Amino acid sequence: MSAQAARKQAGLLSIGQVLAKLGPEFPDLSPSKLRFLEDQGLISPQRTASGYRKFDSADLERLRYILTLQRDHYLPLKVILGHLDDIDAGRTPQIPGANVRVEAPSILGAERRLSRAELQAEAGASKQLLADAISAQLVPGAEPFGDAAVQSLKALVELQRFGIEPRHLRGMRQSAQREAALIESALKPMRGRREIGSQAKAAEAARDLAGQIQSVRELLTRDALGA
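Notes on the structure in this doc start here. Residue indices begin from 1 for each chain and proceed along its sequence in written order. For a predicted model such as this one, the threshold for reporting local features is a pLDDT of at least 70, and the threshold for listing and counting side-chain atom pairs is 80 or more; totals across whole chains, interfaces and linings nevertheless cover every residue. With hydrogens and water stripped out, all remaining heavy atoms of the structure feed into the side-chain values.

Things to note about the overall build of the protein
The way it works is that DSSP assigns letters per residue, a run of H or I at least four long becomes a helix, a run of E at least two long becomes a strand, and they are numbered from the N terminus. Along the protein, the regular secondary structure elements total 10 helices and two strands. Counted from the first residue to the last, the protein has its helices and strands arranged as α-α-α-β-β-α-α-α-α-α-α-α. Using a 1.4 Å probe on the protein chains alone, a residue whose accessible area is under 20% of its type maximum counts as buried, one over 50% counts as exposed, and one in between counts as partly exposed. Every one of the 227 residues in the protein was classed for burial, and the buried ones make up 34%. Throughout, a contact is declared for two residues whenever any of their heavy atoms are within 4.5 Å. Restricting to contacts in the protein with at least 6 residues of sequence separation, those with at least 24 account for 57%. Calculation of accessible area relied on Shrake-Rupley with a 1.4 Å probe; when residues are assessed, cover is drawn exclusively from the protein chains displayed. With an accessible surface of roughly 13,400 Å², the protein has 53% of that area assigned to carbon and sulfur atoms.

Thoughts on helix H2 (residues 15-22)
Within H2 the residues assigned to the buried category are Ile-15, Val-18 and Leu-22. Mapping the buried residues of H2 onto a view down its axis gives an arc of 60°, with all of them on the same face. Packing partners of the buried residues in H2 comprise helix H3 (31-39), strand S2 (53-54) and helix H4 (57-73). Relevant arc is that of directions from the helix axis to the C-beta atoms, nothing else.

Some remarks on the nonpolar core
Remark: nonpolar core denotes a set of buried residues (Ala, Val, Leu, Ile, Met, Phe, Trp, Tyr, Cys) joined through side-chain atoms within 4.5 Å. If you look at the biggest cluster of nonpolar residues, it comprises 25 residues, and the most contacted ones within it are Val-18, Leu-22, Leu-34, Leu-63 and Ile-80. Breaking this core down by element, the ones donating at least two residues are H2, H3, H4 and helix H5 (77-88). It is H4 that contributes the most residues to this core, six residues altogether. Residue contacts for Ile-80: discarding those within four places in its chain leaves Leu-42, Ile-66, Leu-69, Gln-70 and Leu-75. The next biggest cluster of nonpolar side chains, apart from the first, holds 18 residues, and it includes Leu-114, Ala-136, Leu-138 and Val-150.

With respect to unusual backbone geometry
Backbone torsion omega between Glu-143 and Pro-144 reads -5°, so that peptide bond is classified as cis. Phi at Tyr-74 is positive, roughly 55°, even though this residue is not glycine. Positionally, Tyr-74 belongs in the loop between H4 and H5. One non-glycine residue, Gln-137, lies in positive phi territory at about 60°.

Structure follows, in structure tokens:
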């Protein structure tokens, strides 16, 4: 092995090292979930001669991006795969369900971590609107803030233009918690299985169910509006 190849090999991460780096940000990440994501074609880690998976920096940031899309945008893996295919092809697709267009190189960078002042500036929100949003539990109450908080606060800025304030949406958090409890109850048998990858499959099914509930809610709202 050349010196350059040896240095490259030394820079690769094992599954355990990947979990150590991403685990604090994504607590449900596990070896079985990594293998499941590979089986689904979302990541393609290198393999050693002995068959062990090794991840480089690009793999790590791609994985962080996938997990962020799952956690913050509730996207099922099949939708994320199509989104990544567009990025891999050099296109700049919009994140499904979000008014955010992604430049292809951006998946190589970690999700932003913003302070309260940075979040306010990014979303174009007043201090009072941010405080009200936190009080109504529509954005997290503590730093650092991620892209999901930016997206939520930007939406609240637009809603405020029409007189819709965070206090009017206070029940959305309770509604989301009820839906989460319903999904957890439905998936309890799946989570109780001991097969390899069952927890990753349950997590993916949870996001799928959340997406279906969101579709039903959107259709009901449109029907009520006569739209």
